[in-house]
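Residues per chain, in single letters:
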Amino acid sequence: MGAKITIGTKEHDIACGATIFDAVRSLGHAPDAFIFIINGKPVPMDTKIDDGALIKAVKVASGG
């Protein structure tokens, strides 16, 4: 079945078993620029991706 991650408006198919960090890097993004949400809850970027997972990456904004 696989898993999916939404970054901005684009949805990407990603492999199960990898970490969110590795999957996001393989898509050419910097993982530390996002907060990752699964089932409405934030999860660490070292979370292993389960089959059927739907992950949303929310861009972190900072400044002063």
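Conventions adopted
- Every chain is numbered independently, its residues counted from 1 as its sequence is written.
- Thresholds applied to this predicted model are a pLDDT of at least 70 for local features of residues and 80 or more for the giving and counting of side-chain atom pairs; totals over whole chains, interfaces and linings are not thresholded and use all residues.
- Values reported for side chains reflect all heavy atoms of the structure, with hydrogen atoms and water molecules removed beforehand.
- Starting at the N terminus, helices and strands are each numbered in turn, a helix being any DSSP run of H or I of at least four residues and a strand any DSSP run of E of at least two.
- Each residue's exposure class comes from its accessible area (1.4 Å probe, protein chains only) as a fraction of the maximum for that residue type: buried when under 20%, exposed when over 50%, partly exposed otherwise.
- Any pair of residues with heavy atoms lying within 4.5 Å of one another is described as a contacting pair.
- The working definition used for a salt bridge is a side-chain nitrogen of Lys or Arg within 4 Å of a carboxyl oxygen of Asp or Glu.

Q: Please provide a residue-by-residue account of the environment of Leu-54, values included.
A: In this structure, Leu-54 sits in strand β5 (residues 54–59). For Leu-54, a relative accessible area of 59% translates into the label exposed. In sequence terms Leu-54 and Asn-39 are 15 residues apart; their C-alpha atoms lie 7.7 Å from each other. Each residue touching Leu-54, except ones within four places of it in the same chain, is listed here: Lys-4, Ile-37 and Ile-38.

Q: Kindly report on the pattern of salt bridges, identifying the contributing residues and their values.
A: A full pass over the atoms with the stated rule returns two salt bridges. Lys-4 is the partner of Glu-11 in a salt bridge, and the nearest nitrogen-oxygen pair spans 3.9 Å. For Glu-11, a relative accessible area of 53% translates into the label exposed. We classify Lys-4 as partly exposed; its relative accessible area is 30%. Here Asp-13 ties to Lys-4 by a salt bridge, and the two come within 2.5 Å at their closest N and O atoms.

That is the geometry; function is a separate question.
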